[in-house]
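Chain by chain, the residues:
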Number of protein chains: 2
Amino acid sequence: MNRKLTSTSRRAFLRGSAAMAAGGLAGAAGANGADPLITETQDWAIYTGAGVDETPYGLPIRFEEDVVRRNVEWLTASPISSINFTPIHALDGTITPQGCAFERHHSGAIELRKEDYRLMINGLVATPLVFDYTDIERFPRENHVYFCECAANTGMEWAGAQLNGVQFTHGMIHNMEYTGVPLRTLLNEAGLGAAGDLADKWVYVEGADASSNGRSIPMEKALDDVLVAFKANGEALRMEHGYPVRLVVPGWEGNMWVKWLRRIEVTDMAVGSREETSKYTDVYEDGTARKWTWVMDAKSVITSPSPQSPVRHGHGPMVISGLAWSGHGQITRVDVSRDGGMSWETARLGKQGDSKALTRFYLDTTWSGEEMLLQSRAMDETGYVQPTKTQLREQRGENSVYHNNCIQTWYVNAEGVAENVEVS
Amino acid sequence: MNRKLTSTSRRAFLRGSAAMAAGGLAGAAGANGADPLITETQDWAIYTGAGVDETPYGLPIRFEEDVVRRNVEWLTASPISSINFTPIHALDGTITPQGCAFERHHSGAIELRKEDYRLMINGLVATPLVFDYTDIERFPRENHVYFCECAANTGMEWAGAQLNGVQFTHGMIHNMEYTGVPLRTLLNEAGLGAAGDLADKWVYVEGADASSNGRSIPMEKALDDVLVAFKANGEALRMEHGYPVRLVVPGWEGNMWVKWLRRIEVTDMAVGSREETSKYTDVYEDGTARKWTWVMDAKSVITSPSPQSPVRHGHGPMVISGLAWSGHGQITRVDVSRDGGMSWETARLGKQGDSKALTRFYLDTTWSGEEMLLQSRAMDETGYVQPTKTQLREQRGENSVYHNNCIQTWYVNAEGVAENVEVS
């Protein structure tokens, strides 16, 4: 078989390109000649490339150097007590690589060796215990993919369309495969029987960093699906994600996923710590507050096209893609609107069945350069439907920065450039 | 509520530690005094840690710097045409981070910009086509987790127990969530009708690197689950994994997963390229060869304890963990033996249901310092049972370096140190 490129096949490329253009797909070769990138031999097909032993831990290729976590300078006073955002506009599928997964620290990320790691369980237990890292590894462990979303994700948008990029409006989220020991296993090891009726009991969890970031978790949740996790996406947690051990509280706000987990106290009441009173509390217009807003309600957003990810191709076939998630369980359906919510089409889910994990959705469609007001609307297994911003404001006012799960709108112009807007 | 550490609770730690020791778990605090790592305030609980904006792309903490791909110097002549191995002894769960996922190049890893990327479909199609990168993004895409295993994985072990670490015996494998366009979609775009009866047709796939690494794939597989992939674990493929586009051939040997995918030709016969004749062919003792050994049969291995991952704790509770996979579909069961295959216990699967993907297994057990001959044995949905090394040698001889999926044995001594051994 002749593997050489013949002039006959060169002509075929041109026909092929023409056919694609007619069918709506822009061919790579122009109408006036062959595309040298496919018809001519390139340097990379002649010379050898890089060897295997040059990068101890592999990094993305330099052409992707803009796909990184970013922060918003005006949003935070200091990098020590700050946040950054996952570049979800540039990702696909569902897994977030640790290297670009958002971070939020309350007193900076601390460096804690496994050898120095201790976890104490105390309070209303029969036998207070202190575990070291190797102890944790001796209990039966599980693997689960879960999303972790900061309660303040999309928080700036309560005040209107503020941040022109889905990385900044929705990027305080990541989705990883965690390996860890169920918290209930460790609590039972310490003897929960001593706590009496568990229905009204709590655990108070805190980290080893200076902020300690203490949070109260009702016992029902603690005994359900909470994990004491030591791996994410197969490898050790990054320092910034709580190395060597963090708490994973599936479906609940990220602030409760305590990093550098140091202590778990069984208590008979919620502690009312700083992080669950003056912070991470949704305040209504009248100054009263929503109580116990732990679960992240169903939410979705279109990641492409979006302000940082404009349409890069001509008219014709187009994939609209985004992410949906619910702290209550599985995403059952996502609808997409191109006219600001007047009409809806049901999207295709990339993979179904994951609970409290990111779900990728796609709308395989065509585009002829018409202006669009793109929206997505998620539904979860409880029947809950993601609300509009108007509906959410009617319920909650605009006093809070937390728990904004409203429908997001992108305006896409005739050139395919997208912008963060609000529709009433 | 008083959050201070009282002397009463200090005494409780000691009781706790004693109770743990009695129950088989070594407490962190010694019998003679409190553990200052939990009873005294540490520096990291006083001072602020690192801010968020210091690492553009996040890397593992420095304490994990030994968890990297490694090569074996005597195994390969040159780093350009070489391999390295995933540190599976140090990972858990199922996902392999791209940064430590093994690499195999045939003429080095090439740097190819998205703008320079072209994919040609030619041969027995109605309309030969050339796609650029943005064209690929316009077709409906899918997300799937699949393992990629080099045909030569475990290849050195045909000759006996050679490499003292699971990273080196079984580390030519990774498992990632791929996003890509089904190959069938692109073939149909080019018009497969022109190929006549598809039952005896093939596709010949090649890469843009100098080796081109051409391989023939029967049309039935090409139309089944093969993906033209551009993301792995959510982000762009690393350069070394074929940026910007590689072929994903689920369950089939890694050499067919062509990187820097350049051309797909529809043919009426297998091409018989270098990579499918003189290489990647299993030769019997008599010099004849097994034909079309594409599928990676069911296989498993214990990753901990293993030579690079000795038992790090005392007697009592112990988790034995490992990986299982099958190119034919789902793993249905994994058994573990501690006596070199005389008796078996059924392991717990970390997560079931993934097809042609790594499955994590655990045996939650206890250890009293007895010597062990650890083995694992995988079964898949076809009923196939992973063979012993003796069974495999009887079938295949020892002439090949490919497709060694036999049961692996680790000898674990009374100190918990493991060694690669063979049992007859």
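The residue numbering used here restarts from 1 in each chain and proceeds along that chain's sequence as written. Chain A is the first chain written and ligand 1 is the first ligand written, with later ones labelled in order. In keeping with the predicted nature of the model, local features appear solely for residues at pLDDT of at least 70, side-chain atom pairs appear and are counted solely at 80 or more, and the whole-chain, interface and lining totals rest on all residues. Water and hydrogen atoms play no part in the side-chain values, which are based on all heavy atoms of the structure.

- Per an unreviewed UniProt entry, chain A goes by Sulfite dehydrogenase and derives from Roseobacter ponti.
- UniProt positions are given in the numbering used here, feature names are shortened, and annotations may be inferred rather than shown by experiment. In its Cofactor (unreviewed entry) section, UniProt records this for chain A: "Mo-molybdopterin".

### So, the overall build of chain A
No. 1: Of the regular secondary structure elements, chain A holds seven helices and 19 strands.
No. 2: The principal-axis extent of the C-alpha atoms belonging to chain A is close to 85 × 55 × 40 Å.
No. 3: Think of it in three bands: with a 1.4 Å probe and only protein chains considered, a residue is buried below 20% of the maximum accessible area for its type, exposed above 50%, and partly exposed in between. Here chain A, with 424 residues, has 62% of them falling under the buried criterion.
No. 4: Should any heavy atoms of two residues lie within 4.5 Å, those residues are considered in contact. In chain A, 72% of the contacts between residues at least 6 apart in sequence involve partners at least 24 apart.
No. 5: When the accessible surface of chain A is summed, it comes to about 15,000 Å², and 48% of that surface belongs to carbon and sulfur atoms.
No. 6: By the counting rule applied here, Lys and Arg register as positive and Asp and Glu as negative, while His and the ends of each chain are not counted. Charge positions come from single atoms, namely NZ of Lys, CZ of Arg, CG of Asp or CD of Glu. Of the charged side chains in chain A, 40 are positive and 54 negative, and the gap between their average positions amounts to 4 Å. In DSSP terms, a helix is any run of H or I states spanning at least four residues, a strand is any run of E spanning at least two, and both are numbered starting from the N terminus. Surface accessibility in these figures is a Shrake-Rupley result with a 1.4 Å probe; residues are shielded only by whichever protein chains are displayed.

### Remarks on the sheet that holds strand 11 (residues 299-304) of chain B
Residue and element names in this part refer to chain B.
No. 1: A pair of strands is considered paired only if DSSP assigns at least 2 bridges between the two. Strand order in this open sheet of four strands is 11-12-16-15, and the pairing throughout is antiparallel. The strands lining the two open edges of the sheet, one partner per strand, are strand 11 and strand 15 (348-349).
No. 2: Relative to strand 16 (residues 359-367), strand 12 (residues 316-325) runs antiparallel, the two being bridged by nine bridges. If you follow I320 over to strand 16, its bridge partner there is L363.

### A few points about the UniProt feature "domain: Oxidoreductase molybdopterin-binding" (unreviewed entry) in chain A
No. 1: Feature annotation in UniProt assigns "domain: Oxidoreductase molybdopterin-binding" (unreviewed entry) to the following positions: residues 112-269 of chain A.
No. 2: Helix makes up 13% of residues 112-269 of chain A and strand 35%, and the two end C-alpha atoms of the span are 30 Å apart.

### As for the relation of the copies chain A and chain B
No. 1: Aligned on chain B, chain A shows an RMSD of 0.0 Å; the corresponding rotation is 180 degrees and the shift along the axis is 0.0 Å. Expressed as a symmetry operation, the mapping of one chain copy onto the other fits a two-fold axis. When C-alpha distances to the rotation axis are compared across chain A, the minimum falls at A:P97, with a value of 3.6 Å.
No. 2: When the interface residues of chain A are mapped onto chain B, 100% of them again lie at the interface, so the same face is used by both copies. C-alpha atoms of residues with pLDDT of at least 70 in both copies form the basis for the least-squares superposition of the copies.

### Remarks on the packing of aromatic side chains
No. 1: Put simply, two rings from Phe, Tyr or Trp (the six-membered ring, in Trp's case) pair if the centres are within 6.5 Å, and we call them stacked under 30 degrees between planes, edge-to-face over 60, tilted for the rest. For the structure on display, the rule yields 22 aromatic pairs over all chains.
No. 2: Between A:W202 and A:W292, the aromatic rings sit 5.2 Å apart at their centres with planes inclined by 50 degrees, giving tilted as the arrangement. Of this pair, A:W202 sits in strand 5 (residues 202-207) while A:W292 sits in the loop between strand 10 (261-267) and strand 11 (299-304), placing them 90 residues apart in sequence.
No. 3: What makes A:W292 partly exposed here is its relative accessible area of 34%.
No. 4: With centroids separated by 5.7 Å and ring planes inclined at 65 degrees, the aromatic side chains of B:Y178 and B:W257 adopt a geometry described as edge-to-face. Placement of B:Y178 in strand 4 (residues 173-182) and of B:W257 in the loop between strand 9 (246-248) and strand 10 (261-267) is noted, with a sequence separation of 79 residues between them.
No. 5: Given a relative accessible area of 0%, B:Y178 falls into the buried group.
No. 6: With a relative accessible area of 1%, B:W257 lands in the buried category.
No. 7: Definition used: whenever NZ (Lys) or CZ (Arg) falls within 6 Å of the ring centre and also within 35 degrees of the ring normal, the charge is taken to sit over that ring. The ring of A:W344 carries A:R377 above its face, with NZ or CZ at 4.0 Å from the centroid.

### Some words on the sheet that holds strand 12 (residues 316-325) of chain A
No. 1: The four strands are arranged 11-12-16-15 (chain A) in an open sheet whose pairing can be described as antiparallel. Here the strands that pair on one side only, and so sit at the sheet edges, are strand 11 and strand 15 (348-349) of chain A.

### Details of the interface of chain A and chain B
No. 1: At the interface, 124 residues of chain A touch 124 residues of chain B.
No. 2: Between chain A and chain B, the buried area comes to about 10,400 Å², and carbon and sulfur atoms account for 60% of it.
No. 3: We define buried area as the total accessible area lost by two parts upon association, computed with a 1.4 Å probe and summed across both. Area buried by chain A at its contact with chain B is led by A:W44, A:V52 and A:R138, which between them contribute 9% of it.
No. 4: Each salt bridge in this description consists of a side-chain nitrogen of Lys or Arg and a carboxyl oxygen of Asp or Glu lying within 4 Å of one another. On inspection of chain A and its partner chain B, the count reaches ten salt bridges.
No. 5: For A:R62, the salt bridge is made with B:E111, and the minimal N-O distance between the two is 2.6 Å.

### A word on the side chain of A:R215
Residues and elements named next belong to chain A.
No. 1: Take R215: it is sitting in strand 6 (residues 215-218).
No. 2: Looking at R215, its side chain comes within polar contact range of the side chain of E276, at 3.4 Å.
No. 3: Beyond its immediate chain neighbours, meaning those up to four positions away, R215 contacts V203, Y204, V205, E253, N255, M256, S273, E275, E276, Y280 and W294. N or O atoms within 3.5 Å of each other form a polar contact, as long as, within protein, one can give a hydrogen and the other can take it, and as long as residues adjacent in sequence are counted only when both atoms are side-chain atoms.

### Section: the side chain of B:D380
All names here are of chain B.
No. 1: Structurally, the position occupied by D380 is in strand 17 (residues 372-380).
No. 2: The buried charged residue D380 lacks any salt bridge, with K356 as its nearest oppositely charged partner at 10 Å.
No. 3: Polar contacts involving the side chain of D380 include one to the side chain of T382, which spans 2.5 Å.
No. 4: When residues no more than four places from it in sequence are discounted, the contact partners of D380 are A298, S326, H328, Q330, I331 and T332.

### Some thoughts on the confidence of the model for chain A
No. 1: For chain A, per-residue confidence averages 89 on the pLDDT scale, and residues scoring 70 or more make up 90% of the total.
No. 2: The model gives residues 1-31 of chain A a pLDDT under 50, and that stretch makes 59 contacts with residues more than four places away or in other chains. Every residue gets a pLDDT, meaning the predictor's confidence in that residue, from 0 to 100.

### Notes on the environment of A:S368
No. 1: On the secondary structure map, A:S368 appears in the loop between strand 16 (359-367) and strand 17 (372-380).
No. 2: Note: C-alpha distance between A:S368 and A:M318 (50 residues apart in sequence) is 9.6 Å.

### With respect to unusual backbone geometry
Of all residues except glycine, most have a negative phi; of all peptide bonds, most are trans.
All names here are of chain A.
No. 1: Here the amide bond leading from S304 into P305 is cis, since omega sits at 0 degrees, within 30 degrees of zero.
No. 2: By secondary structure assignment, the location of P305 is in the loop between strand 11 and strand 12.
No. 3: Phi at H403 is positive, roughly 55 degrees, even though this residue is not glycine.
No. 4: The class for H403 is buried, based on a relative accessible area of 7%.

### Brief notes about the environment of B:L129
All names here are of chain B.
No. 1: Its location among the elements puts L129 in strand 2 (residues 129-132).
No. 2: On the basis of relative accessibility, which here comes to 1%, the residue L129 falls in the buried class.
No. 3: Taking the C-alpha atoms as reference points, L129 and D268, 139 residues apart in sequence, are found 19 Å from one another.

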